[in-house]
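In case you want the letters, here they are:
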Amino acid sequence: MKTDYLEPFHTLSQQRYSVRDYADTPVSKEQIETLLDTVRLAPSAVNRQPWIFIVITQPEVKEKIQRCYAREWLRTAPVYIVICGDHSTSWKRPSDGKDHCDIDIAICTEHLCLAATQMGLGTCWVCNFDARQCADILSLPPHIEPIVIVPIGYAKEPRVSEKSRKPLTEIIRWEKY
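Residues numbered from 1 in each chain as written. Predicted model: local features only at pLDDT ≥ 70, side-chain atom pairs only at ≥ 80, totals over all residues. Heavy atoms only, no water.

**Student:** Which residues make up the pattern of salt bridges, and what values do they have?
**Tutor:** Here the structure, examined in full by the defined rule, presents 5 salt bridges. Here Arg 40 and Asp 37 are joined by a salt bridge, their closest N and O atoms 2.5 Å apart. Accessibility expressed as a relative area gives 46% for Arg 40, which makes it partly exposed. Glu 63 serves as the salt-bridge partner of Arg 67, at 3.7 Å between the closest nitrogen and oxygen. Its relative accessible area of 44% is what places Glu 63 among the partly exposed residues. (Salt bridge = Lys/Arg side-chain N within 4 Å of Asp/Glu carboxyl O. Buried < 20%, exposed > 50% of the residue type's maximum accessible area, 1.4 Å probe, protein only.)

**Student:** I'd like a description of the state of the cysteines, backed by residues and values.
**Tutor:** As enumerated under the stated definition, the model contains 0 disulfides in all. Of all cysteine sulfurs, the one in Cys 134 lies closest to Cys 68, which takes part in no disulfide; the gap is 4.7 Å. Classification of Cys 68 by relative accessible area gives buried; the value is 6%. Cys 84 forms no disulfide, and the closest cysteine sulfur to it belongs to Cys 134, at a distance of 6.5 Å. (Disulfide = S-S within 2.5 Å.)

**Student:** Explain the side chain of His 100 residue by residue, including any values.
**Tutor:** Note on placement: His 100 falls in the loop between β2 (79-86) and α4 (101-118). Looking at His 100, its side chain comes within polar contact range of the main-chain oxygen of Lys 98, at 3.3 Å. Residue contacts for His 100: discarding those within four places in its chain leaves Ala 45, Trp 91 and Arg 93. (Helix = DSSP H or I, 4+ residues; strand = E, 2+ residues; numbered from the N terminus. Polar contact = N/O pair within 3.5 Å; in protein donor to acceptor, adjacent residues only side chain to side chain. Contact = heavy atoms within 4.5 Å.)

Structure follows, in structure tokens:
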């Protein structure tokens, strides 16, 4: 079913996985800036780009962030990027007021994860953290919400198992539900 023109993206999508054990190899500021320069090109509702990327590399700040998500594996990542949404600039749909901030942040987060994979880096979406505590640690103003923490680094060991995904027949509907 795959066609040649989709093969590079399909391969990249297969290579991306949630890394939960990172090698003790640093990630340079230049690598992070290159990565985020690519991520900023992600689409957003009405091109509002309601994202703020807080890059965390200092051990004392990382330790504070670890209190928001107390998983031992998180300590192994050399860099955390807390992706925050700016609710004061995000687009709200006029018909019902739906704030698209979370959607925009999800789009740019996946761009980050795929771009990092292309660079040979591993990532993991972390959403199950104490957002209030994180906002306090980072001194965020009320309209800025920490939405996801993405640890970044080199995987200690490559993934050995295949991804578990539903077959297309379970997720596609044609014309109506």
